[in-house]
Amino acid sequence: MVKRKSSSNSEAIASVNYEAKVVEIEKIIARIEAGELELEEVFEQFATAVEHLRQCEDFLQQRQQQVDLLIETLNDD
């Protein structure tokens, strides 16, 4: 049987950070679509959204690796 580690504070913070970044991305998209920004601001906000997306992708890849490792561990038993 595999013992589960309790979630560390850093994992909880990373998860909250992920959620916050998703919300921020959605806000940026809404502002761009609504035409609320000057052209220069559109590019700045777009760059910010892309960086947030990269961070979210990294977070999800790390979690996928953890899931794959857990599945592998279960299959070994």
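Residues numbered from 1 in each chain as written. Predicted model: local features only at pLDDT ≥ 70, side-chain atom pairs only at ≥ 80, totals over all residues. Heavy atoms only, no water.

Caption draft 1: Fine view of the overall build of the protein chain. A count of helical and extended segments in the protein chain gives two helices and zero strands. In the protein chain, buried positions account for 12% of the 77 residues. If you sum the accessible surface of the protein chain, you get close to 6600 Å²; carbon and sulfur atoms cover 54% of it. (Helix = DSSP H or I, 4+ residues; strand = E, 2+ residues; numbered from the N terminus. Buried < 20%, exposed > 50% of the residue type's maximum accessible area, 1.4 Å probe, protein only. Areas by Shrake-Rupley, 256 points an atom, 1.4 Å probe, with all protein chains shown as cover.)

Caption draft 2: Quick look at the side chain of His52. Looking at the secondary structure, you find His52 in helix 2 (residues 39–76). The class of His52 is buried, set by a relative accessible area of 15%. For His52, the residues in contact, after removing those within four places along its chain, are Lys21, Glu24 and Ile25. (Contact = heavy atoms within 4.5 Å.)

Caption draft 3: Region of interest: the environment of Phe59. Here Phe59 is to be found in helix 2. On the accessibility criterion, Phe59 (15% relative accessible area) is buried.

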